[in-house]
Amino acid sequence: TMREMLSKRSSKVLVVDVRESPEHLLSKNWETLGFLSPPINVPLSRFANFIGELSKSERRSQEMLFICRSGGRSLIAAKTSRRLGFNEAFSLKGGISLI
């Protein structure tokens, strides 16, 4: 489960919520969703800037889990990241609405 993955790898996995900021703010109780702390919020509309900066930092081996409401936006973010050489980029299938 996601909860198990995050607890095992909590210090390694960068969890990124690609929903727009108002949506991100609606999820107030991240612990009940299985997160040790709230994920960072990088809306898909600003994703190009984020991944560009991450590329400059030489962190291509960074494990990343992208999340959104239903899985569509996070899948776009994960696929884009993998195309740019971030081989450990994943999307939460079905989104947080299934948790």
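Below, the structure is looked at part by part. (Residues numbered from 1 in each chain as written. Predicted model: local features only at pLDDT ≥ 70, side-chain atom pairs only at ≥ 80, totals over all residues. Heavy atoms only, no water.)

Glancing now at the overall build of the chain. Each helix and strand in the chain was counted, giving four helices and four strands. Along the chain, helices (α) and strands (β) appear in the sequence α-β-α-β-α-β-α-β when read from the amino end. A total of 99 residues make up the chain; the buried ones form 42% of that total. Across the chain, the fraction of contacts at a sequence separation of at least 24, relative to all contacts at a separation of at least 6, is 69%. In the structure as shown, the chain presents an accessible area of about 6000 Å², 54% of it carried by carbon and sulfur atoms. (Helix = DSSP H or I, 4+ residues; strand = E, 2+ residues; numbered from the N terminus. Buried < 20%, exposed > 50% of the residue type's maximum accessible area, 1.4 Å probe, protein only. Contact = heavy atoms within 4.5 Å. Areas by Shrake-Rupley, 256 points an atom, 1.4 Å probe, with all protein chains shown as cover.)

The next point concerns the environment of Ile40. Within the secondary structure, Ile40 sits in strand E2 (residues 40–41). Ile40 gets classed as partly exposed once you look at its relative accessible area, which sits at 37%. C-alpha separation for the pair Ile40 and Asp17, spaced 23 residues apart in sequence, amounts to 6.0 Å. Excluding residues within four positions of it along the chain, Ile40 makes contact with Leu14, Val15, Val16, Asp17 and Phe50.

If you walk through the whole model with that rule in mind, you get three salt bridges. The salt bridge partner of Asp17 is Arg19, with a shortest N-O separation of 2.7 Å. For Lys56, the salt bridge identified is with Glu53, shortest N-O distance 3.3 Å. You can see Lys56 and its partner Glu53 sitting in helix H3 (residues 47–56), three residues apart, about one turn around the helix. On the basis of relative accessible area, Lys56 is assigned to the exposed category, the value being 63%. (Salt bridge = Lys/Arg side-chain N within 4 Å of Asp/Glu carboxyl O.)

Most of strand E3 (residues 63–67) sits out of view: five of its five residues are buried. By the alternation rule, side chains of E3 split into Glu63, Leu65 and Ile67 and Met64 and Phe66, which are all buried. Bridge count between strand E1 (residues 13–17) and E3: five bridges; the pairing is parallel. By the bridge assignment for E3, Val16 is matched with Phe66. Bridge analysis of E3 against strand E4 (residues 89–91) gives three bridges, and the strand direction is parallel. (Pairing = 2+ DSSP bridges.)

Listing the buried residues of H3 in full gives Phe47, Phe50, Ile51, Leu54 and Ser55. Taken down its axis, H3 places every buried residue within 135 degrees of arc, on the same side. With respect to the buried face of H3, the exposed residues turned more than 90 degrees away are Ala48, Asn49 and Lys56. As for H3, its buried residues are in contact with E1, E2, E3 and helix H4 (72–83). Phi turns positive, to about 60 degrees, at Glu58, one or two residues after H3. (Arc of directions from axis to C-beta.)

By themselves, these figures tell us nothing about what the structure is for.
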